[in-house]
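# Analysis of the macromolecular model
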Amino acid sequence: MQINPFINLTRIPLLLASTWLLGATLNLVHATDEPVQAHTSNAPDPAMPSAADSEPFKTLEANYLKLLAANPLHTDTLQALLAQYRQHTMGNKIQITVAQLTPAQRTALDPTLIQIESNLLQDQAEVLSLKGLDDQAIKFLEQAMQIDADNPDIFLNLARQYARRGDTAMGHKLLDNFLLTHQQQPEALNAYVNFRIEYGESGAAMPALSQIKNSRRDLITSLIDSGNRPQALQQLAAWAAQPSARDVALGMHLSEMLSHIGEYTLALNCIDVVLLAHPDKPYLLNDAWKMAERGGLLDQEIIYLKKLVLAESMTRPITNKQDTPANARIDPDNPNIDGLGSPYKIERDWKEKKLAALMDRRTRWFSSAVDVRSRSGTTGLSQFDSIEIPLEFKTPWHSHDEVFFRADLVKLDAGDVAPTHTGFGSMLFCQPNCAAAQLPQAVQGIAYNVGYQRNNFVGDIGKTADGFPVSNIVGGLKIRGEMGRFGYSVIASRRPITASLLSYAGAHDPNTGQVWGGVVATGARVGLSLDQGGTFGFWSTLGWHNLTGRNVQSNRRIQLMAGEQWRIINEENRRLVLGVTGIIWNFSENAGEYTFGHGGYYSPNRFRLVSLPVTYAQRTPRFSYLLQTAVSAFHAESQAANFFPTDRLLQSQALVLGATPTYTGGASNGTGYSLRAAGEYQLTSRLFVGGLLAVDRSQNYAPNQALFYLRYSWDRPGAQPVFMPLESVEPSSRFD
């Protein structure tokens, strides 16, 4: 609002009369027994005790008066005192204070006396309007308009009073004329636009609204482009402080402008101001929720989504449950209100599911599992039995992220190496006296890992078990997102190769005592999918990794995988899916043996596989299960490899012994199948337990797995039901 810096002193008597009338009317209102309806104005509820009678207010008033006694010309103190009086609707106090101003104080307050007078008249009009005395309210607003002829808020409120009296045309005419003389004043456009929208003429308001938005956007863009971000924020803050920011169209426009420059918290503040004037409007709450989601403000996202779900549930018709009233679909403070085993727990709409997922992210979880794997093979070498027991504690950190801490108990056993075996380490050179007895290959230890998650970003760092012959630093970064209809993921990681004891933990050479093995894959993988949950979905990944270990030949792995899913049954809690998967692997070296320098992991030069999986999954309120089978066919080609690829001396010595120190390569074809069964059960409102059984069978490859896990919600009942598809708790070594 523009204020004339030269006040006409002839207006002072009018000001005094106005303040006297305001005080008298307020006293009359407070004295009457007639109730006043609830509102959000400055007028108090007569049934409530006045804050002006409280000790804090009396102390504050006394402090202001003390400061003014010491410095009568301190205008900030004087204005603050008058503002307190106005806030507590103490018109008589304002009257007395203004009447007692000295000439020097009047001169100092010249620029704001008009505003004081205008505010008094507007307050009086508001009190009368709340009493239903519209004609009298109009008279006070017309007086305010004469005093402060450039204030668009007065004109907008006066137009609204005309409309309440049934004369909407008069309101339009008033604002049309005001806009003609204030075309360059954005606040005048605001008033014009808001009145048009409020009274059903949004089409006529659109050109003016576009003009406001464009002019403001151009100014802010210009300031940002010139590197003057602080001034841009200052200008936006000034606009947000104007009364017109409470109106939907312009308040939301300011919010969008702030979010566009990354100021999401300030943008949400603008929406909050609009919501104060328009509470429980689903479209506003939806915009606020999406704004918080874009800004990664998880706690605010939950707050707005709770309100949105509650507001929508009050009006949503019942479609699938006759015993659930529309206004009791969800408790805004606890999405688990439907209770353990309730059918509604798995019948929520997508927003309620989103809210439940966010609520679970803001609670602390304890998780654990026992993962048992076994694979037959040559004892001491390719035979492999493992038990891994991860213990995880996950907790919210800041208002938008979470951290987790893990300790994995790991025990590996490959059986015993026979003393006469020449295919392990460099035992070829110590025959026949390599050892007096069998050489057990078993290790155990504790692995540690800590991770961080914020929305679609996950990062972790840790180390493989400290009891291993080779303990490696491992970790990874993963980000997911969407590009139109496509989903994508990018992963950069360093992970252990868990194919055998040698590749995972490393081993000691019985002949030399040297350690080798402990292979890690370091690289990146990108994924691209086109799957929006419909009948068909497609996915693909491409990975490139460098495989290294201690005293192990370096290797390069390229992986390309792609697949399609056909959801024959695609219900909310039941699915039957047919799929096809293609896999292409390329390794630069054959490092799959167990002599010194090899890594003990399958590494064909070329590998091609086609698999046809069939999956059935179903969920009840407390139990979810999955059954899966697949058949596959593959073609593999392995190249020849030296016995000791990292040590030329050992390779030469093997030739001297008359051996043929080379593993022959070749091609092979085969078929295979796999079976998998998994399930999860909600034992209590906080405790979920689950398990998995899996077998794979193909040529020279027959692993088995049994997994049992639990998840416990530490702070509150779990908001989400049992998962479908299942998300089991796995060891850190299985991270992507």
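About the cut-offs
Residues numbered from 1 in each chain as written. Predicted model: local features only at pLDDT ≥ 70, side-chain atom pairs only at ≥ 80, totals over all residues. Heavy atoms only, no water. Salt bridge = Lys/Arg side-chain N within 4 Å of Asp/Glu carboxyl O. Helix = DSSP H or I, 4+ residues; strand = E, 2+ residues; numbered from the N terminus. Expected span 1.5 Å × (residues − 1). Buried < 20%, exposed > 50% of the residue type's maximum accessible area, 1.4 Å probe, protein only. Contact = heavy atoms within 4.5 Å. Polar contact = N/O pair within 3.5 Å; in protein donor to acceptor, adjacent residues only side chain to side chain. Pairing = 2+ DSSP bridges. Phe/Tyr/Trp six-rings, centres within 6.5 Å; stacked < 30°, edge-to-face > 60°. Core = buried A, V, L, I, M, F, W, Y, C linked by side-chain atoms within 4.5 Å. Lys, Arg positive; Asp, Glu negative; His and termini not counted. Axes fitted to C-alpha atoms, helices over the stretch in contact; angles between N-to-C directions. Parallel < 35°, antiparallel > 145°, perpendicular 65-115°, else oblique. Left-handed = near helix turned anticlockwise from the far one by under 90°. Nonpolar A, V, L, I, M, F, W, Y, C, P; charged D, E, K, R; others polar. Disulfide = S-S within 2.5 Å. pLDDT = per-residue confidence, 0-100.

Attention now goes to the pattern of salt bridges. All told, the structure shown has 23 salt bridges when counted by the stated rule. Residues Lys-290 and Glu-293 are paired through a salt bridge, measuring 3.5 Å at the closest nitrogen-oxygen approach. Of this pair, Lys-290 and Glu-293 both sit in helix H14 (residues 282–294), separated by three residues, roughly a single helical turn. With its nearest N and O atoms 2.9 Å apart, the salt bridge here joins Asp-299 to Arg-362. Linking Asp-299 in helix H15 (residues 298–313) with Arg-362 in the loop between helix H16 (350–361) and strand E1 (365–375), this pair joins segments that are 63 residues apart in sequence. In this structure, a network of salt bridges that share partners links the residues Lys-290, Glu-293, Glu-301 and Lys-354.

With that settled, the discussion passes to H16. For H16, which comprises 12 residues, the first-to-last C-alpha distance of 17 Å matches the rise-based estimate of 16 Å (1.5 Å per residue) to within 8%. All of the buried residues in H16 are Lys-351, Glu-352, Leu-355, Ala-356, Leu-358, Met-359, Asp-360 and Arg-361. Taken together, the buried residues of H16 touch H14, H15, E1, strand E2 (384–396), strand E3 (402–417) and strand E4 (439–454). Between a side-chain oxygen at the N-terminus of H16 and the backbone nitrogen of Lys-351 the separation is 3.1 Å; the capping residue is Asp-349.

Moving on: the pairing of strand E12 (residues 574–587). Bridge count between strand E11 (residues 555–571) and E12: 14 bridges; the pairing is antiparallel. Bridging across to E12, Glu-571 finds its partner in Arg-574. Hairpin remark: E11 followed by E12, antiparallel, with two residues in the connecting loop.

So, on to the packing of aromatic side chains. Considering all chains together, one arrives at 22 aromatic pairs under this definition. When the ring of Trp-516 is compared with that of Phe-596, the centres are 5.7 Å apart and the planes differ by 45°; the resulting orientation is tilted. Of this pair, Trp-516 sits in strand E9 (residues 515–530) while Phe-596 sits in the loop between E12 and strand E13 (606–619), placing them 80 residues apart in sequence. Owing to a relative accessible area of 0%, Trp-516 belongs among the buried residues under this scheme. Taking the relative accessible area as the measure of exposure, Phe-596 reaches 3% and is therefore buried. A connected cluster of aromatic rings, assembled from ring pairs, spans Trp-585, Phe-587, Tyr-601, Tyr-602, Phe-607 and Phe-634.

Right, let's talk about the pairing of E9 for a bit. Along any regular strand, the residues point their side chains to alternate faces of the sheet. Two elements, strand E7 (residues 486–496) and E9, share 10 bridges in a ladder whose sense is antiparallel. For Ser-493, the partnering residue across the bridge sits in E9 and is Gly-523. In textbook terms, the turn of a hairpin is the stretch between consecutive antiparallel strands, and for strand E8 (residues 507–508) and E9 this stretch comprises six residues, one of which, Gly-513, has a positive phi near 80°. Both E9 and strand E10 (residues 536–550) contribute to a ladder of 12 bridges, which runs antiparallel. Bridge pairing links Ala-521 to Leu-547 in E10.

Glancing now at the nonpolar core. Grouped together as the largest cluster of nonpolar side chains are 36 residues, with contacts concentrated most on Leu-236, Leu-268, Ile-271, Tyr-304 and Leu-305. Looking at this core, the elements that each hand over two or more residues are helix H10 (202–225), helix H11 (229–240), helix H12 (248–260), helix H13 (264–277), H14, H15 and H16. Sequence-distant contacts of Ile-271, defined by excluding residues within four places in its chain, comprise Met-252, Ser-255, Leu-284, Asp-287, Ala-288 and Met-291. Counting 28 residues, the second-largest nonpolar core is a separate cluster that includes Ala-125, Leu-156, Ala-188 and Val-193.

For the rest of this paragraph, the subject is the side chain of Arg-557. Within the secondary structure, Arg-557 is located in strand E11. One buried charge, Arg-557, has no salt-bridge partner; the nearest side chain with opposite charge is Asp-736, at 9.9 Å. Apart from the residues within four sequence positions on either side, Arg-557 is in contact with Ile-497, Ala-521, Gly-543, Trp-544, His-545, Leu-547, Asn-586 and Phe-587.

The N-to-C vectors of H11 and H12 enclose an angle of 160°; their axes lie 10 Å apart at closest approach. Between H11 and H12, the angle falls in the class roughly antiparallel. The hand of the H11/H12 crossing is left-handed. Counting all contacts with H11, which are made through Leu-233, Leu-236, Trp-239 and Ala-240, the residues of H12 involved are Leu-254, Met-257 and Leu-258. In the contact of H11 with H12, the residues fall into seven nonpolar, no polar and no charged.

With respect to the helices and strands, the residue Asp-466 is situated in the loop between strand E5 (457–463) and strand E6 (473–483). Residues Asp-466 and Gly-445, spaced 21 residues apart in sequence, show a C-alpha to C-alpha distance of 5.6 Å. Ignoring anything within four residues of it in the chain, the contact list for Asp-466 reads Gly-445, Ile-446, Tyr-448 and Ser-471.

Another point: the side chain of Arg-361. Tracing the chain through its elements places Arg-361 in helix H16. Residues in contact with Arg-361, not counting those within four places in the same chain, are Leu-298, Pro-396, His-400, Glu-402, Gln-453, Arg-454 and Asn-455.

Scanning all chains against the criterion turns up one disulfide. The disulfide that involves Cys-430 links it to Cys-434, with 1.8 Å between the sulfurs. Since a negative S-S torsion denotes a left-handed disulfide, the Cys-430-Cys-434 link at about 105° is right-handed. Of the two residues, Cys-430 and Cys-434, neither departs from the other in class, the shared state being buried.

For the protein, per-residue confidence averages 83 on the pLDDT scale, and residues scoring 70 or more make up 85% of the total. Here helix H1 (residues 12–31) is the element of the protein with the lowest mean pLDDT, 38, and helix H17 (residues 501–505) is the one with the highest, 98. Under a pLDDT of 50 for its full length, residues 1–49 has, in the predicted model, 68 contacts with residues more than four places off or in other chains. Counting contacts from residues 320–329, a segment whose pLDDT is below 50, to residues more than four positions away or on other chains yields 20 contacts.

Right, let's get into the environment of Ala-702. Tracing the sequence through the fold places Ala-702 in the loop between strand E18 (687–698) and strand E19 (703–713). C-alpha separation for the pair Ala-702 and Arg-375, spaced 327 residues apart in sequence, amounts to 5.8 Å. Aside from chain neighbours lying at most four places away, what touches Ala-702 is Ser-374, Arg-375, Ser-376, Asp-696 and Arg-697.

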